[in-house]
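Next come the chains, spelled out residue by residue.
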Amino acid sequence: MLARKSIIPEEYVLARIAAENLRKPRIRDRPRKARFIAKNGACNLAHKNIREQGRFLQDIFTTLVDLKWRHTLVIFTMSFLCSWLLFAMMWWLVAFAHGDMDPSTENTSNSTKWTPCVTCVRSFTSAFLFSIEVQVTIGFGGRMMTEECPLAITVLILQNIVGLIINAVMLGCIFMKTAQAHRRAETLIFSRQAVIAVRNGKLCFMFRVGDLRKSMIISASVRIQVVRKTTTPEGEVIPIHQVDIPMDNPIESNNIFLVAPLIICHVIDKRSPLYDISASDLALQDLELIVILEGVVETTGITTQARTSYVAEEILWGHRFVPIVTEEEGVYAVDYSKFGNTVKVAAPRCSARELDEKPSILIQTLQKSELSHQNSLRKRNSMRRNNSIRRSNSMRRTNSSLIVPKVQFITPEGSQSASET
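Residues numbered from 1 in each chain as written. Predicted model: local features only at pLDDT ≥ 70, side-chain atom pairs only at ≥ 80, totals over all residues. Heavy atoms only, no water.

By the naming in an unreviewed UniProt entry, the chain goes by KCNJ8 protein and is assigned to Dasyornis broadbenti. Taken directly from UniProt, the Sequence similarities (unreviewed entry) text for the chain runs: "Belongs to the inward rectifier-type potassium channel (TC 1.A.2.1) family." Its UniProt record, at the heading Subcellular location (unreviewed entry), says of the chain: "Membrane". (UniProt positions renumbered as here; feature names shortened; annotations may be inferred.)

Structure follows, in structure tokens:
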């Protein structure tokens, strides 16, 4: 807060603020790069300037399924309403052409035994109600067809066929929207961060994946791709260049048994795009690692796919995931509160290439971590020893303070007697 006027001169205050601002280092954040795949698996891609819009109508069923729910419900309602109105107009025209709307025919119907095409259709409202009854197979008994008009029989057959087609398409669309594969993928979770640590003497890129449901994903497989901007030797710029990353999986089919959360590991070797990246270079890299989990839902048999991505800021070097699966009373329990927790471990800060060329770096790193661990244990033991000594000294002082001093009593004869109480 600035000083009040008339106590400190304004020139001095402004000069001091300017000096403090000059001493403070100005840190400019690097512009945040747009990621290709969001953390929830959505593709961060916008389609623009599409001229051939008619291609979407050629695949009308997929277009209806991909629409939003509010648009689907509007189309669902309007399709039935428009079909009812269309055939109501056709029934009204049939009745009008046959003369069912003429009041004179109603008066002479008893003498000449005149038969209408559809009984009790005297207006457009009654024709609309008859159209609904025909298409949804509701018969109230007041309106019915007769064999007087062959054209009415043709309209009846046509309306039944159109109604069945609309029912099949719209009900199938609603079913597919409620049973879409990405709904099941909502319960497939990935760790918010990935780690790079040493496993079996090799630098490995690792992340954790888990399934929240008890129904399993059959034939689940995990793929990793690196997306980065590259330039070919010919000068061609590829903005989204995808490179597959091999997985460290002992099973040849590359399928995983996702009954409990697993740590997926990628060994950084010569085939890996991360082979030349060190810990200091990782923050400067413009790359994105996309993780794709595919499998078949056990209950529905529909193939599902869950996706996420990790950028350079979300990769922790020298960390490891904590174990979350424990055995309790004969049952394996999973603690999902520690799903993304990591712990810092010893790991060389060099790249995997340097580690392969100089294996002694790993030995030195492990030795340093062991020495630091022993020193921390020694410090902890000495602190415990000092605390125990201090506690014993404090106990002695408190015990000495509780000792009752000697009291001398003087008798009337002048003799003294000492006693302890």
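K.L.:
How do you make sense of the nonpolar core when you look at a structure like this?
P.N.:
One broad rule of soluble globular proteins: the nonpolar side chains tend to lie buried together. Core analysis: the biggest nonpolar cluster contains 39 residues, and F205, F207, L289 and L293 have the highest contact counts within it. When residues no more than four places from it in sequence are discounted, the contact partners of L289 are F205, I224, Q225, V226, I245, L274, T308, S309, Y310 and I315. Core analysis: the next-biggest nonpolar cluster, separate from the first, contains 14 residues, F87, V118, V121 and A152 among them. (Core = buried A, V, L, I, M, F, W, Y, C linked by side-chain atoms within 4.5 Å. Buried < 20%, exposed > 50% of the residue type's maximum accessible area, 1.4 Å probe, protein only. Contact = heavy atoms within 4.5 Å.)

K.L.:
Can you help me understand the state of the cysteines in this one?
P.N.:
Covalently bonding the sulfur atom of one cysteine to the sulfur atom of another cysteine gives a disulfide. Across all of its chains, the model carries one disulfide by this definition. Between C117 and C149 runs a disulfide, and the two sulfur atoms are separated by 1.6 Å. Its S-S torsion of approximately -50° makes the covalent link between C117 and C149 left-handed. You can see C117 sitting in the loop between α6 (109-112) and α7 (124-135) and its partner C149 sitting in the loop between α7 and α8 (150-178), a full 32 residues away along the chain. The residues C117 and C149 share a single accessibility class, namely buried. (Disulfide = S-S within 2.5 Å. Helix = DSSP H or I, 4+ residues; strand = E, 2+ residues; numbered from the N terminus.)

K.L.:
Where do I start with helix α4 (residues 69-98) in this structure?
P.N.:
The end-to-end C-alpha separation of α4 is 44 Å, in line with the 44 Å expected for 30 residues at 1.5 Å each. Residues of α4 that are buried make contact with α3 (60-66), α7 and α8. G99 occupies a position one or two residues after α4 and carries a positive phi of about 90°. (Expected span 1.5 Å × (residues − 1).)

K.L.:
What am I meant to see in α7 here?
P.N.:
Quick reminder: α-helices carry 3.6 residues per turn. Residues three or four places apart thus point the same way. In a regular helix each residue adds 1.5 Å, so 12 residues correspond to 16 Å; α7 covers 16 Å between its end C-alpha atoms and thus fits that length. Buried residues of α7: S126, A127, F128, F130, S131, E133, V134 and Q135, and no others. Just downstream of α7 lies T137, where phi reads positive at about 55°.

K.L.:
Any chance you could explain the UniProt feature "transmembrane region" (unreviewed entry) in the chain here in plain terms?
P.N.:
Using the residue numbers shown here, the UniProt feature "transmembrane region" (unreviewed entry) corresponds to residues 73-94 and 151-175. Measuring from the first to the last C-alpha atom of residues 151-175 gives 36 Å, for a span that is 100% helix and 0% strand.

K.L.:
What's the story with the pairing of strand β13 (residues 331-334) in this structure? I'm lost.
P.N.:
Along any regular strand, the residues point their side chains to alternate faces of the sheet. Bridge analysis of strand β12 (residues 325-328) against β13 gives four bridges, and the strand direction is antiparallel. Paired with T326 across the two strands is A333, which belongs to β13. Between β12 and the antiparallel strand that follows it, β13, lie two residues; E329 among them carries a positive phi value of about 55°. (Pairing = 2+ DSSP bridges.)

K.L.:
Sorry, what's going on with the packing of α7 against α8 here?
P.N.:
The description of two helices packed together rests on the angle between their axes and the distance between the axes. Relative orientation of the contacting elements α7 and α8 amounts to 60°, with a least axis distance of 9 Å. By the angle between their axes, α7 is oblique relative to α8. Between α7 and α8 the crossing geometry is right-handed. Along its contact with α7, which presents S131, V134 and Q135, the element α8 presents L156, Q159, N160, G163 and I166. Counted by class, the contact of α7 with α8 contains three nonpolar, five polar and no charged residues. (Axes fitted to C-alpha atoms, helices over the stretch in contact; angles between N-to-C directions. Parallel < 35°, antiparallel > 145°, perpendicular 65-115°, else oblique. Left-handed = near helix turned anticlockwise from the far one by under 90°. Nonpolar A, V, L, I, M, F, W, Y, C, P; charged D, E, K, R; others polar.)

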